[in-house]
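Below are the chains, spelled out letter by letter.
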2 protein chains.
Amino acid sequence: MIANPAIAAVLVDWGTSRLRLWAVDHDGTVLGEARSGEGMGATEPRAFEGILEHHLVELGAGPQVPVMMCGMVGSRQGWQEAPYVEVPARLDTIIERAQPVSGTPRHVRILPGIADRSLETPDVMRSEETQLLGLGRIAGDRADGLVCMPGTHAKWVWMDDGATQVSGFATALTGDLFAALSGASVLRHSLSGGDGLDGAAFDAAVRAAIAEPAQMLMRLFAIRSRALLHGADAAQASATLSGTIIGQDIAGALARFGKPERLTLVGGGTLGALYARALDLVGIATDVFDGEVLARAGLSTAAGRIWPDMFGATPHAAASG
Amino acid sequence: MIANPAIAAVLVDWGTSRLRLWAVDHDGTVLGEARSGEGMGATEPRAFEGILEHHLVELGAGPQVPVMMCGMVGSRQGWQEAPYVEVPARLDTIIERAQPVSGTPRHVRILPGIADRSLETPDVMRSEETQLLGLGRIAGDRADGLVCMPGTHAKWVWMDDGATQVSGFATALTGDLFAALSGASVLRHSLSGGDGLDGAAFDAAVRAAIAEPAQMLMRLFAIRSRALLHGADAAQASATLSGTIIGQDIAGALARFGKPERLTLVGGGTLGALYARALDLVGIATDVFDGEVLARAGLSTAAGRIWPDMFGATPHAAASG
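Residues numbered from 1 in each chain as written. Chains lettered and ligands numbered in written order. Predicted model: local features only at pLDDT ≥ 70, side-chain atom pairs only at ≥ 80, totals over all residues. Heavy atoms only, no water.

*Asks:* Talk me through the overall build of chain A; I want residue IDs and the actual numbers.
*Replies:* Helix and strand counts for chain A come out as 11 helices and 15 strands. Its C-alpha atoms give chain A a radius of gyration of 21 Å, within 12% of the compact-globule value 20 Å for 321 residues. Evaluated residue by residue, chain A yields a buried proportion of 58% over its 321 residues. Accessible surface, chain A: about 12400 Å² in total, of which carbon and sulfur atoms supply 51%. One finds the centroid of the 25 positive side-chain charges in chain A at a distance of 4 Å from the centroid of its 35 negative side-chain charges. (Helix = DSSP H or I, 4+ residues; strand = E, 2+ residues; numbered from the N terminus. Rg over C-alpha atoms; globule rule 2.2 N^0.38 Å. Buried < 20%, exposed > 50% of the residue type's maximum accessible area, 1.4 Å probe, protein only. Areas by Shrake-Rupley, 256 points an atom, 1.4 Å probe, with all protein chains shown as cover. Lys, Arg positive; Asp, Glu negative; His and termini not counted. Charge placed at Lys NZ, Arg CZ, Asp CG, Glu CD.)

*Asks:* Lay out the relation of the copies chain B and chain A in plain terms, naming residues and giving numbers.
*Replies:* What relates the two chain copies is a rotation about an axis together with a slide along it. Between chain B and chain A, the superposition needs a rotation of 180° and an axial shift of 0.0 Å, giving an RMSD of 0.0 Å. The superposition of one copy onto the other is thereby described by a two-fold rotation axis. Ranked by how close their C-alpha atoms come to the rotation axis, the residues of chain B are headed by alanine 180 of chain B, at 2.7 Å. Comparing interface residues between copies, 100% of those in chain B also sit at the interface in chain A, which points to an isologous, same-surface contact. (Least-squares fit on C-alpha atoms with pLDDT ≥ 70 in both. Contact = heavy atoms within 4.5 Å.)

*Asks:* Help me get a handle on the pairing of strand E3 (residues 30–36) of chain B, residues and values and all.
*Replies:* Every regular strand shows the same layout, with side chains that alternate between the two sheet faces. Residues and elements named next belong to chain B. Direction of pairing for strand E2 (residues 19–24) relative to E3: antiparallel, over a ladder of six bridges. If you follow valine 24 over to E3, its bridge partner there is valine 30. Once E2 ends, the chain turns through five residues before running back antiparallel as E3, passing glycine 28 with a positive phi of about 90°. (Pairing = 2+ DSSP bridges.)

*Asks:* Requested: an account of the interface of chain B and chain A, with residues and values cited.
*Replies:* Between chain B and chain A, the contact holds 49 residues from the first and 49 residues from the second. The interface formed by chain B and chain A includes zero salt bridges. Summed over the shared surface of chain B and chain A, the number is 10 residue pairs in polar contact (both at pLDDT 80 or more). Those elements giving two or more residues to the side of chain B that touches chain A turn out to be strand E9 (114–116), strand E10 (123–125), strand E12 (153–160), strand E13 (165–173), helix H4 (175–184), helix H7 (216–230) and helix H8 (234–257) of chain B. With 11 residues, H7 of chain B is the largest single contributor of residues to the side of chain B that touches chain A. (Salt bridge = Lys/Arg side-chain N within 4 Å of Asp/Glu carboxyl O. Polar contact = N/O pair within 3.5 Å; in protein donor to acceptor, adjacent residues only side chain to side chain.)

*Asks:* Give me the sheet that holds strand E11 (residues 145–149) of chain A: which residues, what numbers.
*Replies:* Residue and element names in this part refer to chain A. Here six strands make up an open sheet; going across it, the order is E6-E13-E12-E11-E14-E15 and the pairing mixed. Edge strands, defined here as strands with exactly one partner in the open sheet, are strand E6 (89–90) and strand E15 (285–289). Pairing between E11 and strand E12 (residues 153–160): five bridges, direction antiparallel. Counterpart to valine 147 in the pairing with E12 is valine 157. Against the sheet, helix H3 (residues 128–139) contacts E11, E12, strand E13 (165–173), strand E14 (262–266) and E15, and its axis sits at roughly 130° relative to E11. (Axes fitted to C-alpha atoms, helices over the stretch in contact; angles between N-to-C directions.)

*Asks:* A description of the domain arrangement of chain A should follow, citing residues and the corresponding values.
*Replies:* Assigned domains within chain A: domain 1 (9–118) and domain 2 (172–289). One C-alpha centre belongs to domain 1 of chain A, the other to domain 2 of chain A; they are set 33 Å apart. (Domains from an automatic or database assignment.)

*Asks:* Give a description of the confidence of the model for chain A that names residues and reports values.
*Replies:* Residues and elements named next belong to chain A. Averaged over every residue, the pLDDT of chain A is 93; residues scoring 70 or more account for 95%. In this model, residues 313–321 is a region of pLDDT below 50 whose contacts with residues beyond four sequence positions or in other chains number 13 contacts. Scored as a complex, the prediction yields pTM 0.92 and ipTM 0.92. (pLDDT = per-residue confidence, 0-100.)

*Asks:* An account of the side chain of threonine 240 of chain B is requested, with residue identities and associated values reported.
*Replies:* Along the chain, the position of threonine 240 of chain B falls in helix H8. Leave out the neighbours within four places in its chain, and threonine 240 of chain B touches Ala201, Ala205, Ile223 and Arg226 of chain B.

*Asks:* Got a sec to walk through helix H4 (residues 175–184) of chain A? Specific residues and values, please.
*Replies:* Among all positions of H4 of chain A, only Asp176, Leu177, Ala180 and Leu181 of chain A are buried. Each buried residue of H4 of chain A lies within a common arc of 125° when the element is viewed along its axis, so the set occupies one face. (Arc of directions from axis to C-beta.)

The structure is reproduced here in structure tokens:
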């Protein structure tokens, strides 16, 4: 494929199970993208460069085009470690510590994650910090306060100083717990075949979890009993499991960070809609942003700062300055 | 095998995954026992009689010997359904409703389970009611109040009236949750190879769960972060997971039933010891009973009441009258 001279940079989110690339021009406009299942978790250390170059050639990015990456590719088990920045973490510091990847002729950098190394609440993130960088650029001080980032491992982040700093965060085992219980516990008998949301069951489960978070394990077993005794169907059981876990997650965040009137919700899909619904039930309004848009904005901001000459300085410098 | 004329009855606990039989004499003394993996869950409806008769012949129980059973063998998917008795459930009623099994020349009965059919807290038990019957016979009114029965699905039971009645109970998804998270979540990477109890980690996790049950999902993910950031070993991670789940279970029971000064703990093994340790941390003393001893006592009490002539009336009538 012939190199496209309009490509100014390639932005890459390389997670444990997924690889996503966007070729962008000097204004950050997306000229091409690629998605693949070549996640970092299944990639041998020496294979990273070849996989990346393959996709860059397909996208038409010449050898001079720089690549800004985030995600687990920067973990110790990834391509090259980008050591965590510690909380309180200024997002400028994330950019300053963008790790140059050695051993390749191309300009490639990996943004570091953020860690809380305290003994009481140890925690780590990789890739969410890049979304937060994008959030700060797009939303500015509207994003100060609590940010909810649902997912396999939901992140709750406290941002301040005009959304330029992560002062604390906590990760909850949410989607992972849902999957483990759905696949490997007695609840799997009650859930199989569930389809569509039973809104009433979801709402009741959220309310119960927030009202009495101590009784989570009892409410989980009650999903099975309700199916046995009252013939609850799979959709009802799935909605109850979902509401129980999301409600517990919200209860934990409110206990940890206090209850805000509104918060920033990162996630535009089905899961994001469930969180928005659950948060509304407890009187918390949400400003919703799409995670992929934020990731691109964060990677693009970092690229513009690191390579101002190669990657059209003006709009990014203005937006980030 | 030649029939042993001293055998007065055979007592059977037939659960989802295990079958246990005890041949007893007129005094309830165990003359022989058998254990097998022929659980109800893997048994076709028509196979129950053959499996039972095979073990009875091996034990030397003649065709006139009656058999008292409990457990999932009495569920709808079992040999013959013994419909649940509803709470508040008198344990005498459990015996009165011992379901005769039809289609076999032998006297065989299955003790029913107990159900809470309320919409708010639906719940079921099968086999624990038989242990509770034995508990009432052995401990009498010492067992009034809260009873803790740890296991794959832990039961918390409120007994009253001299431990002759179950007025309420709740089941928690405990051991099942531990197994699901150990096998099918990100925590499996941190837990593998753990051996022995890290008492300090267990105690800290129990205290944290009881102090702030809302934050359970965050503390679960912190097990992973602690391994990554602080090099916590597998034994520490396993103890933290165990303490988190047991602590949450206890927090739920105290929220549901109130906090007693002491309670009855059914379970003499490793799991029972962990519960006793965790309960002690929150100032609750425990009277410990072995679950298998209680199951035999309950089955034996029921057999003595149902078949007074065949199964030495005197000691059992005295104990239960």
